[in-house]
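In case you want the letters, here they are:
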Amino acid sequence: MPCAPLRPSSGAIRIILQPRSFLKAAAVIALVSGTLAGGANSLCAEDRPSPELVGRPKVTGGIVVTEEFNDNVLAERTNKLSDAITVVSPAFNIEIANESTRWNVGGVAALGNYATYSEQNYRDYRLYTDVARKVQRKILFTGGASYAREHEDASSIEDTDRRDPTVFHAARAYAASQFRQDRSKFQIGATFDDFDFLELRDRDRDRFVFTAGVRYGYALDTRTSVFVDAKYDTRHYDQSIDYEGFRRSSDGTRLTAGIEHSLSSAFRAQLYGGWLYQRFDDSRFSTVSDADFGGEFRWTPVPGLTVKGVVGRALYDTTLYGSSSYLQTSSSMYLYKWIRPDLRLN
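Draft legend 1. Quick look at the side chain of Asp317. Its place among the elements puts Asp317 in strand β15 (residues 305–317). On the basis of relative accessibility, which here comes to 14%, the residue Asp317 falls in the buried class. A polar contact is formed between the side chain of Asp317 and the side chain of Arg235, at a distance of 2.9 Å. Polar contacts involving the side chain of Asp317 include one to the side chain of Tyr237, which spans 3.0 Å. Each residue touching Asp317, except ones within four places of it in the same chain, is listed here: Glu158, Arg207, Arg235, Tyr237, Ser324, Ser325 and Tyr326.

Draft legend 2. Up close: unusual backbone geometry. A positive phi angle is found at Gln136, which is not glycine, with a value near 55 degrees. Mapped onto the fold, Gln136 is located in the loop between β6 (122–135) and β7 (139–152). With phi around 55 degrees, Asp182 is a residue other than glycine that occupies positive phi space. Within the fold, Asp182 resides in the loop between β8 (166–181) and β9 (184–197).

Draft legend 3. Fine view of the packing of aromatic side chains. The full count for this structure, using the stated rule, is nine aromatic pairs. On the basis of an interplanar angle of 75 degrees and a centroid distance of 6.0 Å, the ring pair of Phe280 and Phe285 is categorised as edge-to-face. Assigned by exposure class, Phe280 and Phe285 land together as buried. Taken together through their ring pairs, the aromatic side chains of Phe246, Phe280, Phe285 and Tyr321 make up a single cluster. We note Arg215 situated over the ring of Phe227; from NZ or CZ to the ring centre the distance is 3.8 Å.

Draft legend 4. Quick look at the confidence of the model for the chain. For the chain, mean pLDDT is 84; residues scoring 70 or higher make up 82% of the total. Between residues 1–53, whose pLDDT stays under 50, and residues either more than four places distant or in other chains, the model counts 132 contacts.

What counts, and where the lines are drawn
- Residues numbered from 1 in each chain as written.
- Predicted model: local features only at pLDDT ≥ 70, side-chain atom pairs only at ≥ 80, totals over all residues.
- Heavy atoms only, no water.
- Helix = DSSP H or I, 4+ residues; strand = E, 2+ residues; numbered from the N terminus.
- Buried < 20%, exposed > 50% of the residue type's maximum accessible area, 1.4 Å probe, protein only.
- Polar contact = N/O pair within 3.5 Å; in protein donor to acceptor, adjacent residues only side chain to side chain.
- Contact = heavy atoms within 4.5 Å.
- Phe/Tyr/Trp six-rings, centres within 6.5 Å; stacked < 30°, edge-to-face > 60°.
- Lys NZ or Arg CZ within 6 Å of the ring centre and 35° of its normal.
- pLDDT = per-residue confidence, 0-100.

Here you go:
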């Protein structure tokens, strides 16, 4: 796994362009008062602290101010209402690391303020901790947990008649391990997500989702590797029967196989395909059985410039009357350009 790129240094200014749904676009000028440490996903040689810093806490933080414009705040086909949104995002991270272990604890917030339609204002935050431990050179263990206040805006399909954000709390945890042996790489992991909606009208959406998966990869040569992936998930609703009289809990599996290939040191791509299956407790809901596919690429045509594209499918639950879920195929494109060591254009 390649090492993560270095983050902007203290006092960095970043200019970010962020395309949004419903023809939104944001031009962002962010003044960052410190670096934000990445999660404990890798312990590359380049990431290891110098001997004199081993065991010492590294405290970092920052704040990002984003200006957005939304030409359809309520996501309606007619009577579209536009507004400007200011989002203030403070963050902090405390990292303690040594030669084999890295531990992080921190928090981040997103405080959104609409210029005209203040009923759409939101106050999101997330507190987290994660740890990674490397055993010898072949085994890596990772784990973490977080607690967040999040929201769904008016574009959510769940509540077509409401004009204010849907607020919920989310508690998440994960654990994973990775083992390498010659050309083989074996990964196993599990995640747990618990969603708790605050308003009475949304209480039948309270649920937890447990997912477990395994992945085996094999390097054919230095540029090409193949892999197979299997996942199982269970989605359990706190209320066995929702307000409309449906049983929405379900169990599902996803099986995929794919290939990763590097055309050069500047271009790497991944493609995969397979099948997904989801069976619902309520016999009135049809079982979802459909193709699963996706891929991504990362291209660095010149130093400091990175282009990334992603395509994927996901099955989302819904509490709309008579519907169990919807299958969404999405694609995205990202552009990252380092203008100078402390200035990046997204």
